[in-house]
Amino acid sequence: MSSIKSYIIGFVLSVVLTLGAYFAVTEEWLSDTALIALIMGLASLQFIVQLFFFLHLGSESKPRWKLAAFLFMFLVLVIIVGGSLWIMANLNYNMMMTPEQMDEYMLKQSNKGF
């Protein structure tokens, strides 16, 4: 496939997927859960379109190096995002105090002095 043709097809598909997600949200086509599933599906398709039409993953004669670099990048991304979500959930769990508990804690801390 020629480079210009590939870019045009990728661009058109990206615009269609983006507009599909936009109108699904603004026009409230589905319920909340179904809408989230639709947007996640459209985002996944957008991701695949970006990989094949713009990054040309899989179109070269030896795609293993690009695929290995992509998989490593994806692993790092999963570790960073997953770790961040895990840390935030842990902080949320450990830092949740009622206002009364917070007042009691602050009084104990102020009684200790500097």
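On a predicted model such as this, the values are computed, not experimentally measured, just so you know.

**Some thoughts on the overall build of the protein**
Broken down by element type, the protein carries four helices and zero strands. Helices (α) and strands (β) of the protein occur, in sequence order from the N terminus, as α-α-α-α. Radius of gyration (C-alpha) of the protein: 23 Å, far over the 13 Å computed for a compact globule of 114 residues. Based on the C-alpha atoms only, the size of the protein along its principal axes is roughly 75 × 40 × 20 Å.

**Brief notes about the packing of aromatic side chains**
Evaluation of the coordinates by the stated rule reveals two aromatic pairs. Between Tyr 7 and Phe 54, the aromatic rings sit 6.0 Å apart at their centres with planes inclined by 20°, giving stacked as the arrangement. Here Phe 54 lies in helix 2 (residues 32-54) and Tyr 7 lies in helix 1 (residues 3-26), a separation of 47 residues in the sequence. Residue Tyr 7 is classed as partly exposed on the basis of its relative accessible area of 34%. In this structure Phe 54 comes out as partly exposed when scored by relative accessible area, which is 27%. On the basis of an interplanar angle of 75° and a centroid distance of 5.1 Å, the ring pair of Tyr 22 and Phe 23 is categorised as edge-to-face. Residue classification places Phe 23 among the partly exposed positions, given a relative accessible area of 36%.

**A few points about the packing of helix 1 against helix 2**
Where helix 1 contacts helix 2, the two axes come as close as 10 Å, and the packing angle between them is 170°. With respect to their mutual orientation, helix 1 and helix 2 come out roughly antiparallel. Among the residues forming the contact of helix 1 with helix 2, the class breakdown is 16 nonpolar, seven polar and no charged.

**Observations regarding helix 4 (residues 99-112)**
Its 14 residues place the ends of helix 4 20 Å apart at the C-alpha level, agreeing with the 20 Å of an ideal helix rising 1.5 Å per residue. Gly 113 sits one or two residues past helix 4 and shows a positive phi near 80°.

**Observations concerning unusual backbone geometry**
Positive phi, normally seen in glycine, also occurs at Glu 28, with a value near 50°. Within the secondary structure layout, Glu 28 lies in the loop between helix 1 and helix 2. Look at Glu 28 and you get exposed, because its relative accessible area is 64%.

**Description of the side chain of Ser 14**
On the secondary structure map, Ser 14 appears in helix 1. When sequence neighbours within four positions are dropped, the list of residues in contact with Ser 14 reads Gln 46, Val 49, Gln 50 and Phe 54.

**Structural notes on the nonpolar core**
Judged by nonpolar contacts, Leu 17, Ala 21, Leu 42, Val 49 and Phe 53 together constitute the single largest core of five residues. Secondary-structure elements contributing two or more residues to this core are helix 1 and helix 2.

**Thoughts on the environment of Leu 17**
Its place among the elements puts Leu 17 in helix 1. Apart from the residues lying within four places of it in its own chain, the contact partners of Leu 17 are Leu 42, Leu 45, Gln 46 and Val 49.

What counts, and where the lines are drawn
Residues numbered from 1 in each chain as written. Predicted model: local features only at pLDDT ≥ 70, side-chain atom pairs only at ≥ 80, totals over all residues. Heavy atoms only, no water. Helix = DSSP H or I, 4+ residues; strand = E, 2+ residues; numbered from the N terminus. Rg over C-alpha atoms; globule rule 2.2 N^0.38 Å. Phe/Tyr/Trp six-rings, centres within 6.5 Å; stacked < 30°, edge-to-face > 60°. Buried < 20%, exposed > 50% of the residue type's maximum accessible area, 1.4 Å probe, protein only. Axes fitted to C-alpha atoms, helices over the stretch in contact; angles between N-to-C directions. Parallel < 35°, antiparallel > 145°, perpendicular 65-115°, else oblique. Nonpolar A, V, L, I, M, F, W, Y, C, P; charged D, E, K, R; others polar. Expected span 1.5 Å × (residues − 1). Contact = heavy atoms within 4.5 Å. Core = buried A, V, L, I, M, F, W, Y, C linked by side-chain atoms within 4.5 Å.

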